[in-house]
Amino acid sequence: MFHVKQSPISAPEKCLLCDNKELTKHLELKDYFLTEETFHIYHCPACSIMFTWPKPESHELPAYYRSKDYISHSNKKSDLQSRVYQFIRNYTLRQKIRLIRRFTKGNMILDIGCATGEFLNQCKKRGYTTTGVEPDEQARGYAGGVHGLNVTEPGELNNIPPLTFDVITLWHVLEHVEDPDERMEQIYRLLKPGGYVFIALPNRASNDASHYGKYWAAWDVPRHLFHYDRNSLKFLAEKHQFEISDIRPMLFDSYYISLLSEKYMNHSLYFIRAAYRGFVSNFMAGMGNNEYSSLIYILRKPGAKIKAADAV
C-alpha cells in the first residue's frame, strides 16, 4: 500500500463528458481498496454522468492497479473472496456467450479490456475469431502465452481496419476508460453495420449502491473514472449513433460487490451480511425498478440487419 499527500481538492470546471459547467458534488470518499486517498464524485445533471475527481493523470493510473489483491487479473489466488470471484466468473462466461448468440451469428469478436483472456478463450473454443485488447502487460502475456490469444495494447485499436468485427464487448471496462468519447468512436469505426456492442457496467442506481453509500465497492475510486446509470449510458450511446437494443441484469454482481463493501466497512460476519444484501438488492430490482447492481447494455450500430440467432 502506498500513500500520497494530497493537496486540497478544488471543484472541476466542467463535466468530463458533456462540458456542462453546472455540477454538484455527490460524495466524498476514499480509495478503500488501496491508498486511502480522498476523492470526490461529481454529478452532471445535463448528461447524468458521475465522475471521479480529481482524475489521476494517465501516467499515474497504473499505480492504482498494482496490488496482489487486484484479482481481476489473477487466476491463482485461493482465498475465499477469490474463489467466489472465480466460480462466478466461470459461470458467467458461458452466460455471456449465450447472450451474444441470441443477438448475432457473426463470429468476429473483439473484447476490450480482456484481462487474462478467460472470456475470449471460451469464445475461441466455440468457433469465434477472437481479438483482445488489454493495457496490462502481465495480463496480455498470460492471455497470449497460456490461451494462445491475439491480444494487443489499447493504442493499437486505431490500427485495426474499420468494419472488422461483428461483436465488441467491454465487460466492466468502460468505467475505467479515461476518454469514453474516444473509445466509442473507435468502437463505431471497428464495428460492422448491424453489429452489436455489449457493455457491462456497475449501476449506481442499484439498491446496494444506495445501502452502502460511500462504502459501495463499485465506486472503486480512482480506478473507476466514470459512474453510469441508464440515462448517462443512453446519452453516450446516442451521442455516438448507437441504438440501445436491450438492457440485461448481472445477478451475481450484487453479491460480490456487497462482499467487498462489507469488508471495507470492517463488519464481522461480512460473508453472511453480503449474501443477505445481495439478495435484497436483486429482490428489490426484480420487484419493479430493474435497477440491478450491474447491467449489460446491448447496443447496435445501425445498418444492415443481422438476423438474431436462436437461444442456445
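Summary of the structure given here. Since this is a predicted model, take the numbers as computed values, not measurements.

What counts, and where the lines are drawn
Residues numbered from 1 in each chain as written. Predicted model: local features only at pLDDT ≥ 70, side-chain atom pairs only at ≥ 80, totals over all residues. Heavy atoms only, no water. Salt bridge = Lys/Arg side-chain N within 4 Å of Asp/Glu carboxyl O. Helix = DSSP H or I, 4+ residues; strand = E, 2+ residues; numbered from the N terminus. Buried < 20%, exposed > 50% of the residue type's maximum accessible area, 1.4 Å probe, protein only. Contact = heavy atoms within 4.5 Å. Phe/Tyr/Trp six-rings, centres within 6.5 Å; stacked < 30°, edge-to-face > 60°.

Here we look at the pattern of salt bridges
The final tally for this structure, using the stated rule, is 12 salt bridges. For Lys239, the salt bridge identified is with Asp181, shortest N-O distance 2.9 Å. Of this pair, Lys239 sits in helix H6 (residues 230-239) while Asp181 sits in helix H4 (residues 180-190), and the two are 58 residues apart along the sequence. Among the residues examined, Asp181 registers a relative accessible area of 15% and is labelled buried. Where Glu243 meets Arg300, a salt bridge forms, and the shortest distance between an N and an O atom there is 3.6 Å. Of this pair, Glu243 sits in strand E10 (residues 243-249) while Arg300 is found in strand E11 (residues 294-300), placing the two residues 57 residues apart along the sequence. In this structure Glu243 comes out as partly exposed when scored by relative accessible area, which is 39%. A residue is classified by how much of its surface remains accessible, and Arg300, at 10% relative accessible area, is buried.

Points about the side chain of Glu291
By the element assignment, Glu291 lies in the loop between helix H8 (270-289) and E11. Ignoring sequence-local partners within four residues, the contact set of Glu291 consists of Asn203, Ala205, Ser206, Asn207, Arg230 and Ala285.

Structural notes on the packing of aromatic side chains
Inspection of every chain in the model, using the stated rule, returns 14 aromatic pairs. Seen from their ring centres, Phe39 and Tyr64 are 6.4 Å apart, and the 75° between their planes marks the pair as edge-to-face. One end of the pair, Phe39, is in strand E2 (residues 38-43); the other, Tyr64, is in the loop between strand E3 (50-53) and helix H1 (80-103), and 25 residues separate them in sequence. Using a relative accessible area of 7% as the deciding quantity, one classes Tyr64 as buried.

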